[in-house]
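Summary of structural features
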Amino acid sequence: MHLCPGTPTPAHSTVTETHVITTTDLTKVYRSRGREVTALDGVDLHVREGEVYGVIGQSGAGKSSLIRCVNLLERPTSGTVTVAGQDLTALAGRGSRAGRELRQARSRIGMVFQHFNLLSSRTVQDNVELPLEILGKSGGERSRKALELLDLVGLADKAGAYPAQLSGGQKQRVGIARALAGDPKVLLSDEATSALDPETTRSILALLRDLNRQLGLTVLLITHEMDVVKSVCDSAALMENGRIVESGTVSELLATPGSELAAALFPLDGEASGEDRTVVDVTFQGESATQPVISQLARTYNIDISILGAAIDTVGGLQVGRMRIELPGRYEDNVVPIGFLREKGLQIDVPGRESVLVKEGAK
Amino acid sequence: MTWSEMQPLLEQACWDTLYMVGWSTLIAVVGGLPLGILLVLTDRGGLLQNVVANKVIGQIVNIARSLPFIILMVALMTFTRWITGTTIGREAAIVPLAVGAIPFFARLVETAVREVDHGLVEAVQAMGGNTWTIVRKVLVPESLPSLISSTTTTIVALIGYSAMAGTVGAGGLGDIAIRYGYQRFETGLMWITVAILAVVISLIQFAGDYAARSLHRRGAHSGPAPKLRLLKAAS
């Protein structure tokens, strides 16, 4: 389910409607000892210019294969990859070795890794200079650019240190500075925060967010942590068994009835306290988040409402909340109050009922 | 035999050993380094995957390594004459020493280079680096501490091999120990030779370990210490 461009985007961001990364029917099949494993099964991904796009899934879902196919570290079995208007799959050639054109294209795509992948034999500054050496820049230009980038990621004082002397978060900052050395338009992040503690994760994500805003950098990140999507992503996709099962901007996802991603972003607990009760999930976002709808509902219909669970957060710069409430009476008795909530522009899910209807509707 | 008689003999022998081992080490490094890297690159899943080339190089290396040095020296006589114009003397001994040490060193290089984290290779590929860049900027510098340890091991092995070079009249400490110490019952001279060899080998080992460790310290987070690798390689 891909929600097409043309839908409203959050006003704060630098997102445009141009697609900067597109994969079309991307398939990757690994063959080993006569067995075939399908890692990617027809993936269509559309990342718009200037957005932070998160691909989330459990390990083995194929997200790692997907991001490695974007710069062709893995050759897709079939399908195409287009980055910044350039069809990379057409540049790939037949052999496993990357030709000159593909290597040039790669130098314009930054990549950061889970385990940082810094050269232990080089200082921090020399690590950042490495991509510039590959680009054939002169010594003076290299060191000027490297120091500038280290300043940008807040490590200007560590230029002469070796990676072994740095903490995990600092190493990843060096990794990010190195990835930016070739002035890329696109940054690929392969589980960049998965080896870091929660606090360092937050600071690295904040850095990625700042770079996205300041440089208009498009970021494609893969992660297995919902918090990463929640704190930095404009758009997200959920991968399962090599397929993208849901995708769209975070607000679109939250507005989609029965969205697994939305439910995972805002997990709600709480069971009905009796047979003759109706549980309703209410999702607020944007304007509707500021209206006192629950007390209006209570007053208008003179019913007692219990709150079973609630979460309010900022996702991609938007105020979003979800609440699970319980109304007296069966679903049939509550059609009118639920209709009232819908009229107020809220997203209403009735657990166990609505999702069935949606799935039937989708078929 | 008095010390004044022994001294010129020992001096000459030291120089002969140094000369043979020095040159053959140099040739072994120059020849074995690319060979060892090729063994890694052409292997299955390598950057220049070529199973046939890998098998061929691997077999040549294995055969050359399995020959006892004294046999290698005899077997290579024609080749030696072709290169140096003679089969006797220090220069003639360098040829079989180098030929024996190249595959030895190549295997050590292979082990060292294989231990470089594949993630680093991938990072440089993602930057747009080609295979030659990866070899120059990643594989060699990142495995340098191990490569130095491998060189130390090779030098020590070559000192051992060079003892047999006396059979082609190349001299050296081993030759003195056999001809004077063993065959003429000059036990004193023999022990002195043994002592010199022990000191020389200790010094080389110490210098090599020191160099490897000081390089390794800055990248202390990856891989086992070079000392452990050395033991593994020697066993």
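Since this is a predicted model, take the numbers as computed values, not measurements.

1. Observations regarding the overall build of chain A
Helices and strands together make up the secondary structure of chain A, namely 13 helices and 14 strands. Of all 363 residues assigned to chain A, the portion counted as buried reaches 52%. A fraction of 69% describes how many contacts in chain A between residues 6 or more apart in sequence connect residues 24 or more apart. Within the structure as shown, chain A displays about 16300 Å² of accessible surface, and the carbon and sulfur contribution to it stands at 47%.

2. Some thoughts on the pattern of salt bridges
Evaluation of the coordinates by the stated rule reveals 22 salt bridges over all chains. Here Glu49(A) makes a salt bridge to Lys185(A), at a shortest N to O gap of 3.3 Å. Here the residue Glu49(A) occupies a position in the loop between strand E2 (35-48) and strand E3 (52-56), and Lys185(A) occupies one in the loop between helix H6 (168-179) and strand E7 (186-190), the gap between them amounting to 136 residues. Assessed through its relative accessible area of 23%, Glu49(A) is described here as partly exposed. In this structure, the salt-bridge partner of Glu133(A) is Lys137(B), at a minimum N-O distance of 2.4 Å. Taken together, the positions of Glu133(A) in helix H4 (residues 124-134) and Lys137(B) in helix H7 (residues 131-162) put the pair across two chains. By the burial criterion, Glu133(A) is buried, and Lys137(B) matches it.

3. Things to note about helix H1 (residues 63-70) of chain A
A large share of H1(A) lies buried, amounting to 7 of its 8 residues. Once H1(A) finishes, Leu72(A) follows within two positions and takes phi at roughly 60 degrees, a positive value.

4. Concerning the interface of chain B and chain A
Opposite the 25 residues of chain B that make contact, chain A presents 23 residues. Counting every contact that joins chain B to chain A gives 5 residue pairs in polar contact (both at pLDDT 80 or more). When contributions to the side of chain B that touches chain A are tallied by element, the ones reaching two or more residues are helix H6 (118-126) and H7 of chain B. For the side of chain B that touches chain A, the element with the most residues is H6(B), which contributes 7 residues. Its residues assigned to classes, the side of chain B that touches chain A shows 10 nonpolar, 10 polar and 5 charged.

5. Some points on the side chain of Thr278(A)
All names here are of chain A. Its location among the elements puts Thr-278 in strand E11 (residues 277-285). Under the relative-accessibility criterion, Thr-278 is labelled buried at 4%. Reaching out from Thr-278, the side chain makes a polar contact with the backbone oxygen of Arg-330 at a distance of 3.2 Å. If we ignore the near neighbours within four places in the chain, the residues touching Thr-278 are Ile-325, Glu-326, Leu-327, Gly-329, Arg-330, Tyr-331, Asn-334 and Val-350.

6. Here's the deal with the side chain of Asn71(A)
Tracing the backbone through its elements, the reader meets Asn71(A) in the loop between H1 and strand E4 (78-83). A residue is classified by how much of its surface remains accessible, and Asn71(A), at 0% relative accessible area, is buried. When sequence neighbours within four positions are dropped, the list of residues in contact with Asn71(A) reads Leu88(A), Arg106(A), Ile109(A), Met111(A), Leu188(A) and Ala126(B).

7. Section: the sheet that holds E4(A)
All names here are of chain A. Here we have 4 strands laid out as an open sheet, ordered E2-E1-E4-E5, and antiparallel in their pairing. The open sheet has two edge strands, E2 and strand E5 (86-87), and neither has a second partner. By the bridge criterion, 11 bridges tie strand E1 (residues 19-32) to E2 in an arrangement that is antiparallel. Each bridged residue has a counterpart across the sheet, and for Thr-27 the counterpart in E2 is Asp-41. Its contacts with the sheet place H1 against E1, E2 and E4, and it is angled at close to 60 degrees to E2.

8. So, the sheet that holds E3(A)
Sheets are built from strands paired through backbone hydrogen bonds, the pairs being either parallel or antiparallel. All names here are of chain A. On the basis of which strands lie adjacent, the open sheet formed by 6 strands has the order E6-E7-E8-E3-E9-E10 and mixed pairing. Each having just a single partner strand, strand E6 (109-113) and strand E10 (243-249) make up the two edges of the open sheet. Recorded for the sheet is a direction-independent mean angle of 15 degrees between the axes of neighbouring strands. Where E7 meets strand E8 (residues 218-223), 5 bridges bridge the pair, whose relative direction is parallel. In the sheet register, Leu-187 faces E8, and the bridge partner there is Val-219.

9. Re the packing of H4(A) against H6(A)
Residue and element names in this part refer to chain A. The interhelical angle for the contact between H4 and H6, taken along N-to-C directions, is 30 degrees, at an axis separation of 8 Å. Taken together, the axes of H4 and H6 are roughly parallel relative to one another. For the pair H4 and H6, the sense of crossing is right-handed. Contact residues: Val-124, Asn-127, Val-128 and Pro-131 in H4; Val-174, Ala-177 and Arg-178 in H6. Split into classes, the residues belonging to the contact of H4 with H6 amount to 5 nonpolar, 1 polar and 1 charged.

10. Topic: the nonpolar core
Residues and elements named next belong to chain A. If you look at the biggest cluster of nonpolar residues, it comprises 48 residues, and the most contacted ones within it are Leu-150 and Ile-176. Excluding anything up to four places from it in sequence, Ile-176 contacts Val-112, Val-153, Ile-204, Leu-207, Leu-208 and Leu-211. Of all hydrophobic cores here, the second largest spans 35 residues; its members include Ala-61, Ile-67, Cys-69 and Met-111.

11. As for the UniProt feature "domain: ABC transmembrane type-1" (unreviewed entry) in chain B
UniProt tags residues 14-212 of chain B as "domain: ABC transmembrane type-1" (unreviewed entry). Strand forms 0% of residues 14-212 of chain B and helix 81%; the C-alpha atoms that close the span are 26 Å apart.

What counts as what
Residues numbered from 1 in each chain as written. Chains lettered and ligands numbered in written order. Predicted model: local features only at pLDDT ≥ 70, side-chain atom pairs only at ≥ 80, totals over all residues. Heavy atoms only, no water. Helix = DSSP H or I, 4+ residues; strand = E, 2+ residues; numbered from the N terminus. Buried < 20%, exposed > 50% of the residue type's maximum accessible area, 1.4 Å probe, protein only. Contact = heavy atoms within 4.5 Å. Areas by Shrake-Rupley, 256 points an atom, 1.4 Å probe, with all protein chains shown as cover. Salt bridge = Lys/Arg side-chain N within 4 Å of Asp/Glu carboxyl O. Polar contact = N/O pair within 3.5 Å; in protein donor to acceptor, adjacent residues only side chain to side chain. Nonpolar A, V, L, I, M, F, W, Y, C, P; charged D, E, K, R; others polar. Pairing = 2+ DSSP bridges. Axes fitted to C-alpha atoms, helices over the stretch in contact; angles between N-to-C directions. Parallel < 35°, antiparallel > 145°, perpendicular 65-115°, else oblique. Left-handed = near helix turned anticlockwise from the far one by under 90°. Core = buried A, V, L, I, M, F, W, Y, C linked by side-chain atoms within 4.5 Å. UniProt positions renumbered as here; feature names shortened; annotations may be inferred.

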